[in-house]
Every structure is written in structure tokens, then in C-alpha cells.
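One letter stands for each residue in the lines below.
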Amino acid sequence: MKNYTIIPISSPKGFAIKDENGNTVGFVLNEATANVFAHVPELLEFLDACLHEPVFPHYEAVNLHEKLRIFRK
């Protein structure tokens, strides 16, 4: 799974999303959007596991839910 880093930038004002190698892979205007984007690889891994694993550990689903819940309205 990839890990992303969220870095505030000032020109233009917003947040850069950098991959594990320090390469910028995206830019967003607000921190909440940047943090949701950072969890997308984990979410995709979870969805893949739901399709391919007979039983996905409930605690991992709860963990991901908690990470993303703070970004819901």
C-alpha cells in the first residue's frame, strides 16, 4: 500500500500530496480533501479484500471507518 504525505504550500495556497518518493502526485485546496485522498489507497485495499477474501477482519473496517469519519459532513 502506498503512503502519502500532506504538505501545506503557499503558492498557490493549498496542500500538496506527495508519494513515498517525495514526488507531488496531487494538489488540493483544503486539508480535509487532502487527508481523504491520503486514505484512498487504504480504502481501495479494503474494497479489494472484500471481493477476494472470504472474511475481512471487522477491526480493519472499523479502523478505516474511524479514519474517514472525521471528513464526513
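Reading the values: rules and limits
- Residues numbered from 1 in each chain as written.
- Predicted model: local features only at pLDDT ≥ 70, side-chain atom pairs only at ≥ 80, totals over all residues.
- Heavy atoms only, no water.
- Pairing = 2+ DSSP bridges.
- Helix = DSSP H or I, 4+ residues; strand = E, 2+ residues; numbered from the N terminus.
- Axes fitted to C-alpha atoms, helices over the stretch in contact; angles between N-to-C directions.

Participant: Residues and numbers for the pairing of strand β3 (residues 24–28), please.
Facilitator: By the bridge criterion, four bridges tie strand β2 (residues 13–18) to β3 in an arrangement that is antiparallel. Among the inter-strand pairings, K18 is bridged to a residue of β3, identified as T24. A loop of five residues connects β2 with β3, the two strands running antiparallel in sequence, and G22 in this loop sits at a positive phi of about 85°.

Participant: Before we move on, can you summarise the sheet that holds β2 with the specific residues and values?
Facilitator: In space, the three strands of this open sheet follow the order β1-β2-β3, with antiparallel pairing throughout. Lying at the two open borders of the sheet, with one neighbouring strand each, are β1 (5–10) and β3. Taken pair by pair, the neighbouring strands of this sheet meet at an average axis angle of 30°, ignoring direction.

Nothing here speaks to function; it is geometry throughout.
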